[in-house]
Structure formats: structure tokens, C-alpha cells
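Tertiary structure, described
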Amino acid sequence: MGKANARNRRGRSPGRALSVLGAGLMAAGLLTACGSSDGLKINIYYAPEDNFQKVVDQCNTKAGGRYEIVYNKLPRGADGQREQMVRRLAAGDEGLDILGLDVNWVAEFAEAGWAEEWTGGNKAQATAGVLPGPLETATWNGKLYAAPKNTNVQLLWYDDRVTPAPPETWDQMIDQAMALKAQGKPSEILFTGAQYEGLVVIYNTLVESAGGRILSEDGKSVVMDQGAVKALEILKRVTSSGITNASLTNQKEDEVRQAFQDGTGAFELNWPFVYPSFKKEKPDDLQHFKWATYPSVVPGQPARTTIGGYDLAVSTASRHKPEAFEAALCLRSPESQKFSALNDGVPPTLEALYTDTTPLDPTKPASDDNPSMDTQYPMRETILEALKNAAVRPLTPAYQNLSTVMSKVLSPPAAIDPQATAEELRKQLADALESKGVIP
């Protein structure tokens, strides 16, 4: 559901990109091709989302037979999604019309010349009412290259029987966890510590919350300032104080969720998908499952939590761009975003939807079968608060290179030496920014 999503890169010339294709194109070619003899097809390539076909069907009804949107389901993993699209786009495949991009890929696809710029009325519709954080993910070099479809943001989750009030800062959270451990109570601070994008998300949130930067604003140089060092200090302290899970370095989102449900944690840093899971699996304890915005790094200043989500881009190779823009706008319209938020748990990018408590069928009361933002997102005000202070991951065409480097250097977090690790990150990130060619 748009949890930690990673990877961004910039396209080099098609000639260079073709050198990495090889046999991979044969596998990618198994995906549904664009167009057919029985009418105009608009192909969208997008991640698996349980009820997205229903959104497609609704938009096809609105199209009135002028075209048919075809949902080509990409692999579940972010790396596989990106790989299949990159290889086809680098080969100039005209069968891709709408691209479902992880929020970290827009800069890469725009720089490669694979994503069409949004202008005029299309741009106005795609940006109206969108929260600043999600909108930033769809922008590169001051231009809009995608329409924000859904977003996501992590919260702090806790059990009010263990901790009646959430900590306001990381220092408070660490101190509370240590005190709980001394009392023999659930005490672990649970977060994604495996060597993958989830660890990068945690680190980026700490950096941004400390007022720091990893890269320059234009994404062309490495900064790694004092805020970035402060974030390393926090990661070191929290993972070397005996208050994290023994399986920290193997834990991704769902392992973190399960550990908290098993009762080992005092605090869980995770995406909102944990709420419906808790509701289903531990209904008797749901009244005690609480949430808050992330603890801050600087007392008195709100945390800047890293967002996830997906954006919709129109391929420059598409032979049906006007229809592709129209279809993309429908697929992420207010009605579509609300439907997906309530049925697939992907938070909307439109601020107004967070205060829209009308159920899907407004003629009937809200219920599990007729959901509303009230029933599905009791934490919606907290999500909105976090989104208004949200951070994005470093915007650069080379994001996938950077993510790979950061997850490796930061793992395991307990081995971090703040100053030495900062220097290593400066060196390796600078090398990553200079890398050539598209990583398949």
C-alpha cells in the first residue's frame, strides 16, 4: 500500500540504456501490449492493488467507448516494477501509455525523457487541492511530470495500557523504553531495520526532522550536514541501548507489525496499514491501539516524516497522449482516490478528502460494508497533520543508486560510528551521483 517505496534514477541516452537490456526485454515483452484491432486501448502499468480494476472499470464507463483503459499489473516488488518499465521504455516501446511510478522514480523517468510534462488544463486538474508533499514528488526541475495518485506516511503506534501518553521526542521515547525494560514490561522500539529502503526511510525522516540535508536542493551534490550526523547519532543510540528487537536487521514493515501485535514492543514506527491488520487480528485489544505523529528530533519542532505513494505519468512514447492524460486524471480523480483509500488503504493526496466523512454510498449509514473516512481512517487527522509537515526522499535521477548505498552503509545500525559513517556516506553518495547508465 505504498509503504516504503524506493528507487529513482535518471535516464541517460537511449543508446546507453539499451546496453543493459539483453534478454530482459524478452521477459518484459510478456506483458500486455498496447492497442488492438477492436478499439483504442490505453495501457496503464501499475503495481498490484486489489480494487484498482474497479477504478479502471469506472473510468472506462465514463470514457463512453472512446477508449478502453487496460490495467497491466506489474510485479508486487518495487524493484521488479521499475525494471520492467525501464527496460521497455529504454527500447522505445509504444505499448506503455500511463506509468504508475513510485514517488521516488519521477525524477529519473523525467530526466530520461520517458515521462511527458503536464501542462495547461491537465496540470491544473492534476495539482488542484493536492498536499505539498505529494505534489513535490511529482515535480522535477520546476516542471510537473506526473499526477499524484496516493500518498502515505508513517505514524507512531502504541498501546495505552503500556504507555498512556506517546513520547514527544526521540530522547523521550528512548528513555521511556529503557524505563519500561527495567520494569519488565514491553519496551522495544520497533522499526524497519533490515538492509533495504525501509531503513533509508527511517534515516531520511531523522535527517529532515533534525533540519538536515543529505543532498543539495537541486540533487546534484552531497551535503551530509550536521543534521545528517545527528540522525546517525540517534540511530546508533536507539539500536545500541538494548531496546530494539533481536531481529531488527531482518525486519521489514510486516515483521515490525507482527512483533508489535505479539506484545514485544512499546512503540511501533510504521505505515497506517497496521490499523486494519490489528483490527482484524486483535479486535478485543483495538480500543487500546493508539497513534500519534512521529516523535520529533528537535524539541518543539514537529517531525518531518518521509512520505510514500504513487504518481501517474504519461509515457512520451505513447501514441495516444490526449486520451492517456484524460484517463490518468480519471484514475486519480477525487472520486477514484476516495474509493481507493476506503477499499485499498492508500491515503489520498487531496487534502479535502481527509474531512470528507460521507460513506461510499451516501444513501446508507457508514459501516464496514459501506466505509467512510470515519470508519477506515480514525487516525485521518493525525495522518493529515503528518502530511502537512512531510519530507520527501532526496530528489535525484540517481535515487536508486543512493538508496542502495545508504541501506548498505547504515546496516547494521548498531555498528554506526556517527562521524566515520557520515564520511563514508559522503564519499559513497558522491560516487553514486556520478554513476553512468541505467541500473536494470
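The notes below deal with the structure included here. Everything quoted here is computed from the prediction, not taken from an experiment. (Residues numbered from 1 in each chain as written. Predicted model: local features only at pLDDT ≥ 70, side-chain atom pairs only at ≥ 80, totals over all residues. Heavy atoms only, no water.)

**Concerning the overall build of the protein chain**
A tally of helices and strands in the protein chain yields 18 helices and 11 strands. Against the globule reference of 22 Å for 440 residues, the protein chain gives a C-alpha radius of gyration of 22 Å, in line with a compact fold. Oriented by its inertia axes, the alpha-carbon framework of the protein chain measures out at about 70 × 60 × 35 Å. Among the 440 residues that make up the protein chain, the fraction classed as buried is 57%. Partitioning the contacts of the protein chain with sequence separation of at least 6, the portion at a separation of at least 24 is 77%. Surface summary for the protein chain: the accessible area is close to 17,200 Å², and the carbon and sulfur share equals 49%. Placing the 45 positive and 54 negative side-chain charges of the protein chain at their respective mean positions leaves the two points 3 Å apart. (Helix = DSSP H or I, 4+ residues; strand = E, 2+ residues; numbered from the N terminus. Rg over C-alpha atoms; globule rule 2.2 N^0.38 Å. Buried < 20%, exposed > 50% of the residue type's maximum accessible area, 1.4 Å probe, protein only. Contact = heavy atoms within 4.5 Å. Areas by Shrake-Rupley, 256 points an atom, 1.4 Å probe, with all protein chains shown as cover. Lys, Arg positive; Asp, Glu negative; His and termini not counted. Charge placed at Lys NZ, Arg CZ, Asp CG, Glu CD.)

**Thoughts on the pattern of salt bridges**
All chains considered together, the criterion is met by 23 salt bridges. With its nearest N and O atoms 3.3 Å apart, the salt bridge here joins D285 to R161. Of this pair, D285 sits in the loop between α12 (274–281) and β10 (289–292) while R161 sits in the loop between β7 (155–159) and α8 (170–182), placing them 124 residues apart in sequence. A salt bridge links K427 to D431; the nearest nitrogen and oxygen atoms lie 3.7 Å apart. Remark: D431 and K427 occur in helix α18 (residues 418–433); sequence separation between them is 4 residues, near one turn of the helix. Several salt bridges converge on common partners, so that one network encompasses D159, R161, K282 and D285. (Salt bridge = Lys/Arg side-chain N within 4 Å of Asp/Glu carboxyl O.)

**A few points about the sheet that holds strand β11 (residues 307–314)**
In spatial order, the strands read β2-β1-β3-β11-β6; together these 5 strands make up an open sheet with mixed pairing. Looking at which strands have only one partner, the edges of the open sheet turn out to be β2 (68–73) and β6 (147–153). For this sheet the average axis-to-axis angle between neighbouring strands, irrespective of direction, equals 20 degrees. Docked against the sheet, helix α3 (residues 52–63) engages β1 (41–46), β2 and β6, running at close to 165 degrees with respect to β2. (Pairing = 2+ DSSP bridges. Axes fitted to C-alpha atoms, helices over the stretch in contact; angles between N-to-C directions.)

**Some thoughts on unusual backbone geometry**
Of the consecutive residues S411 and P412, the connecting peptide bond is found in the cis state with omega at -5 degrees. Among the structural elements, P412 can be located in the loop between α17 (399–409) and α18. With a phi close to 50 degrees, N141 is a non-glycine residue in the positive phi region. Along the chain, N141 turns up in the loop between β4 (139–140) and β5 (143–144).

**Some remarks on the side chain of T137**
The residue T137 is located in helix α7 (residues 132–137) in this model. What makes T137 buried here is its relative accessible area of 3%. A distance of 2.6 Å separates a polar side-chain atom of T137 from the backbone oxygen of P134. Other than its neighbours up to four places away in sequence, T137 contacts V103, V106, I307, D311 and V392. (Polar contact = N/O pair within 3.5 Å; in protein donor to acceptor, adjacent residues only side chain to side chain.)

**A short note on helix α4 (residues 78–90)**
End to end, α4 covers 18 Å across 13 residues, agreeing with the expected 18 Å (1.5 Å per residue, within 8%). Positive backbone phi, at 75 degrees, marks G92, one or two positions downstream of α4. (Expected span 1.5 Å × (residues − 1).)

**So, the state of the cysteines**
One pass over the full model with this rule turns up 1 disulfide. With a sulfur-sulfur separation of 2.1 Å, C59 is cross-linked through a disulfide to C330. Across the disulfide from C59 to C330, rotation about the S-S bond amounts to roughly -95 degrees, and the bridge is consequently left-handed. Of this pair, C59 sits in helix α3 while C330 sits in helix α13 (residues 321–331); the two residues are 271 residues apart in sequence, bridging distant segments of the chain. Classification of C59 as buried rests on a relative accessible area of 2%. (Disulfide = S-S within 2.5 Å.)

**Re the side chain of T382**
Relative to the elements of secondary structure, T382 occurs in helix α16 (residues 380–388). For T382, the residues in contact, after removing those within four places along its chain, are L155, W291, A292 and T293.

**A look at the environment of K236**
When you line up the elements, K236 lands in helix α10 (residues 226–239). When the C-alpha atoms of K236 and I416 are compared, they prove to be 5.7 Å apart, with 180 residues separating the residues in sequence. Apart from residues no more than four positions distant in its own chain, K236 is found in contact with P413, A414, A415 and I416.

**With respect to the packing of aromatic side chains**
The final tally for this structure, using the stated rule, is 13 aromatic pairs. Aromatic side chains Y46 and F52 sit 4.7 Å apart centroid to centroid with 45 degrees between the ring planes, which places their arrangement in the tilted category. For Y46, a relative accessible area of 1% gives the class buried. Assessed through its relative accessible area of 0%, F52 is described here as buried. (Phe/Tyr/Trp six-rings, centres within 6.5 Å; stacked < 30°, edge-to-face > 60°.)

**Some details on the packing of α17 against α18**
Two elements in contact, α17 and α18, have axes separated by 9 Å at closest approach and are oriented at 155 degrees. What the angle tells us is that α17 and α18 run roughly antiparallel. Seen from above, α17 lies across α18 with right-handed handedness. From α17, N401, L402, V405, M406 and V409 reach across to α18, where they touch T421, E424, L425, Q428, L429, A432 and L433. (Parallel < 35°, antiparallel > 145°, perpendicular 65-115°, else oblique. Left-handed = near helix turned anticlockwise from the far one by under 90°.)

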